[in-house]
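# A look at the structure
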Amino acid sequence: MMRILYQILRTGIVTEAMPREINARIEAAGGRLEEAVKRRFRKSLTIRQVDAGSCNGCELEIHALNNPLYNCERYGIRFTASPRFADMLLVTGPVTHNMERALRRTYEATPAPKLVVAVGDCACNGGIFGESYASRGGIGKVIPVDVAVHGCPPDPFAILSGIMKAIEEKR
Ligand code: SF4
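Now for a look at the structure at hand. (Residues numbered from 1 in each chain as written. Predicted model: local features only at pLDDT ≥ 70, side-chain atom pairs only at ≥ 80, totals over all residues. Heavy atoms only, no water.)

## Points about the overall build of the protein chain
For clarity, the cut-off: Elements are defined by DSSP. Helices are runs of H or I of four residues or more, strands are runs of E of two residues or more, and each kind is numbered from the N terminus. Contacts were defined at the residue level, with two residues in contact if any of their heavy atoms lie within 4.5 Å. Where accessible areas are quoted, they stem from the Shrake-Rupley method and a 1.4 Å probe; at the residue level, only the protein chains shown are allowed to cover. The convention is simple: Lys and Arg are positive, Asp and Glu are negative, and His and the chain ends are not counted. One atom stands in for each charge, and that atom is NZ of Lys, CZ of Arg, CG of Asp or CD of Glu.
Scanning the protein chain from N- to C-terminus turns up six helices and five strands. Taken from N to C terminus, the helices and strands of the protein chain fall in the order α-α-β-α-β-β-α-β-α-β-α. Each principal axis of the C-alpha atoms in the protein chain carries an extent, and together these give about 60 × 40 × 30 Å. In the protein chain, of all internal contacts separated by at least 6 residues, the share reaching a separation of at least 24 is 81%. For the protein chain, the exposed surface amounts to about 9,900 Å²; the carbon and sulfur share of it is 54%. Separation of charge centres in the protein chain, based on 23 positive and 18 negative side chains, amounts to 6 Å.

Given below as structure tokens:
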């Protein structure tokens, strides 16, 4: 035990502090987002994430929304496993033929206002996969899209901005 404590004291803090300008940028955008969620969704926006056939790169960035840096729950955003409780679908793509029906049914099961944010180039327009024997291309071919967040993959800040845009623009 003493050996471990001694090692902890000797090693000190090895993580890097977050650059102040990045922190300020996230705080500013998060404050606006929190206000919008409070106004339109009574302090709680629930998101169902759907992977319609992505390489999982976009999922890693979406997961980062819950890390200590972004911590999106403090803005009233949480994820759900059921579309029936969701206000918004965050969809990564492209839409594979195997996932087309599931995506359509998820959209139908989502109550109003059914906000849809396409995350990543593949979800926006098929990206590097395009259209093929296995892929329908962008998710706009299957369900209506409110906001497209481009990038391969887009960073968590771009995804937060896309969520904000969808809340502000769809009335
Ligand atoms: S946009 Fe890039 S990271 Fe996202 S699913 Fe497509 S290839 Fe993967």
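## A word on the packing of aromatic side chains
As a reminder of what qualifies: Aromatic pairs are defined between Phe, Tyr and Trp rings, using the six-membered ring for Trp, whenever the two ring centres lie within 6.5 Å; interplanar angles under 30 degrees are classed as stacked, those over 60 as edge-to-face, and all others as tilted. Only when the NZ of Lys or the CZ of Arg is both within 6 Å of the ring centre and within 35 degrees of the ring normal is a charge said to sit over the ring.
Scanning the entire structure with this criterion turns up zero aromatic pairs. Against the face of Phe157 rests Arg25, its NZ or CZ located 4.0 Å from the ring centre. Above the face of the Tyr107 ring, Lys114 is positioned so that its terminal group lies 4.5 Å from the ring centre.

## Regarding the side chain of Thr110
Let me state the cut-off plainly: Nitrogen and oxygen atoms within 3.5 Å of one another constitute a polar contact, given that in protein one can donate a hydrogen and the other can accept it, and given that sequence-neighbouring residues count only through two side-chain atoms.
In this structure, Thr110 sits in the loop between α4 (97-109) and β4 (115-119). Engagement of the side chain of Thr110 in a polar contact is seen with the backbone oxygen of Thr106, the distance being 2.7 Å. If we ignore the near neighbours within four places in the chain, the residues touching Thr110 are Pro83, Ala86 and Leu89.

## Here's the deal with the site of the ligand
Heads up, the condition is: Near residues are defined by distance, with any heavy atom within 4 Å of the molecule or strand qualifying the residue. Residues are grouped as follows: nonpolar covers Ala, Val, Leu, Ile, Met, Phe, Trp, Tyr, Cys and Pro; charged covers Asp, Glu, Lys and Arg; every other residue, Gly included, is treated as polar.
All residues adjacent to the ligand are Ser54, Cys55, Gly57, Cys58, Gly93, Gly120, Asp121, Cys122, Ile128, Gly151, Cys152 and Pro153. When residues of the shell around the ligand are traced back to their parent elements, those giving at least two are α3 (57-63) and α5 (121-125). For the shell around the ligand, the per-class residue count stands at six nonpolar, five polar and one charged.

## Description of the pairing of strand β1 (residues 45-51)
Quick reminder of the rule: Partly exposed residues are those whose accessible area sits between 20% and 50% of the maximum for their type, while under 20% is buried and over 50% is exposed, using a 1.4 Å probe and protein chains only. Two strands are said to pair when DSSP picks up at least two bridges between them. A crossover gets the label right-handed when its path from the first strand over the helix to the second runs clockwise, viewed with the strands pointing away from the viewer.
With five of its seven residues buried, β1 lies for the most part within the structure. Where β1 meets strand β2 (residues 77-79), three bridges bridge the pair, whose relative direction is parallel. By the bridge assignment, Thr46 is partnered in β2 with Arg78. For the crossover from β1 across α3 to β2, the handedness is right-handed. As paired elements, β1 and strand β3 (residues 88-92) share five bridges and run parallel to each other. Each residue of the ladder has a partner; that of Gln49, found in β3, is Leu90.

## Focus on a nonpolar patch on the surface
Applied cut-off: A patch consists of residues exposed above 30% relative accessible area that lack any salt bridge, with like charges linked at up to 9 Å and nonpolar side chains (Val, Leu, Ile, Met, Phe, Trp, Tyr) linked at up to 5 Å. In the sections that follow, a salt bridge refers to a side-chain nitrogen of Lys or Arg positioned within 4 Å of a carboxyl oxygen of Asp or Glu.
The grouping of Met1, Met2, Ile4, Leu5 and Ile8 at the surface amounts to a nonpolar patch, some 580 Å² of accessible area in total. As for its placement among the helices and strands, Ile4 is situated in helix α1 (residues 2-11).

## Let's talk about unusual backbone geometry
Each neighbour pair has its own omega, and for Gly93 with Pro94 the value is 5 degrees, a cis peptide bond. Following the sequence through the fold, Pro94 ends up in the loop between β3 and α4. Following Ala112, the chain continues into Pro113 via a peptide bond in cis, with omega recorded as 15 degrees. Look at Lys43: it is not a glycine, yet its phi comes out positive at around 80 degrees. Assignment of secondary structure puts Lys43 in the loop between α2 (20-41) and β1. Despite not being glycine, Asn71 has its phi angle at roughly 40 degrees, a positive value. By the element assignment, Asn71 lies in the loop between α3 and β2.

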